[in-house]
Amino acid sequence: MNEARKSRNPARTLLLSTILADLKNSEIALGHEPSDPEAVEVLRRGVKRRTESVEQYTKGGRQDLADTEAAEIMVLEEFLPASAPPEEIRAAVRAAIAAGSKDLGKVMGAVMPQFKGRADGKIINQIVREELASAS
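For clarity, every value in this text was computed on a predicted model and none was experimentally measured.

**Some points on the overall build of the protein**
Then, number 1: What the protein contains, in helices and strands, is seven helices and zero strands.
Then, number 2: Secondary structure of the protein in N-to-C order comes out as α-α-α-α-α-α-α.
Then, number 3: What you see for the protein is a C-alpha radius of gyration of 18 Å, clearly larger than the 14 Å of a compact globule of 136 residues, by over 25%.
Then, number 4: Once local pairs closer than 6 in sequence are excluded, the contacts in the protein between residues at least 24 apart make up 54%.
Then, number 5: Of the roughly 8,800 Å² of accessible surface on the protein, 55% is carried by carbon and sulfur atoms.

**Section: the nonpolar core**
For soluble globular proteins, the rule of thumb is that nonpolar side chains tend to be buried together.
Then, number 1: Formed by 15 residues in total, the largest nonpolar core has its most connected members in Ile89, Val93, Val107, Val111, Phe115, Ile124 and Val128.
Then, number 2: Among the elements of the structure, helix H5 (86–98), helix H6 (104–111) and helix H7 (121–135) are those that each provide at least two residues to this core.
Then, number 3: Examining the composition of this core, we find that five residues originate from one element, H5, more than from any other.
Then, number 4: Beyond its immediate stretch of four places on either side in the chain, Phe115 contacts Ala84, Glu88, Ile89, Ala92 and Ile124.

**Brief notes about the confidence of the model for the protein**
Then, number 1: When the pLDDT values of the protein are averaged, the result is 86; 99% of them are 70 or greater.
Then, number 2: For the protein, the element scoring lowest by mean pLDDT is helix H1 (residues 2–6), at 75; helix H4 (residues 63–77) scores highest, at 90.

**Quick word on the packing of helix H2 (residues 10–30) against H4**
Geometrically, a packed helix pair is captured by the angle between its two axes and the distance between the axes.
Then, number 1: For the pair H2 and H4, the least separation of the axes is 11 Å and the interaxial angle reads 60°. Comparing their axes, H4 and H2 come out oblique. In this structure, H2 crosses over H4, and the sense of that crossing is right-handed. Residue-level contacts link Arg12, Leu15 and Ile19 of H2 to Glu72, Val75 and Leu76 of H4.

**So, the pattern of salt bridges**
Then, number 1: Applying the stated criterion across every chain, the model contains eight salt bridges.
Then, number 2: Its salt-bridge partner being Asp22, residue Arg49 comes within 3.1 Å of it at the nearest N-O pair. Separated by 27 residues along the polypeptide, Arg49 in helix H3 (residues 36–59) and Asp22 in helix H2 bring together distant segments of the chain.
Then, number 3: Here Arg90 makes a salt bridge to Glu130, at a shortest N to O gap of 3.1 Å. Separated by 40 residues along the polypeptide, Arg90 in helix H5 and Glu130 in helix H7 bring together distant segments of the chain.
Then, number 4: Where salt bridges share partners, they join Arg90, Arg94, Glu130 and Glu131 into one cluster.

Rules and cut-offs
- Residues numbered from 1 in each chain as written.
- Predicted model: local features only at pLDDT ≥ 70, side-chain atom pairs only at ≥ 80, totals over all residues.
- Heavy atoms only, no water.
- Helix = DSSP H or I, 4+ residues; strand = E, 2+ residues; numbered from the N terminus.
- Rg over C-alpha atoms; globule rule 2.2 N^0.38 Å.
- Contact = heavy atoms within 4.5 Å.
- Areas by Shrake-Rupley, 256 points an atom, 1.4 Å probe, with all protein chains shown as cover.
- Core = buried A, V, L, I, M, F, W, Y, C linked by side-chain atoms within 4.5 Å.
- Buried < 20%, exposed > 50% of the residue type's maximum accessible area, 1.4 Å probe, protein only.
- pLDDT = per-residue confidence, 0-100.
- Axes fitted to C-alpha atoms, helices over the stretch in contact; angles between N-to-C directions.
- Parallel < 35°, antiparallel > 145°, perpendicular 65-115°, else oblique.
- Left-handed = near helix turned anticlockwise from the far one by under 90°.
- Salt bridge = Lys/Arg side-chain N within 4 Å of Asp/Glu carboxyl O.

Listed below in structure tokens is the structure:
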């Protein structure tokens, strides 16, 4: 935040102050300072919110606003841990299917906790659907 202020980058300063406010709100709601996984979840919600905005702005023909939101996503991703590679997710999904989970809900229930904070649920869902289709 201080670097953004010193470099006189108002967009980055605003974004970071917004995320810090989200973290403070999370602290108030939790009743304690957010742990690292809880803080990552706050950041992921910020990314998700902006991703949805990009989709809406693109559909509405407002590419300038979509580009702004996309730039904010890139800034937030700097603070997130590295995402799990699709190959790792696919291996976990195959293991869950091999262990006897045959429907989408059971496989998702087995796989999601392994990638909490490291992968988007939509990506995991897509991989699960692909693997279930190829397994049948």
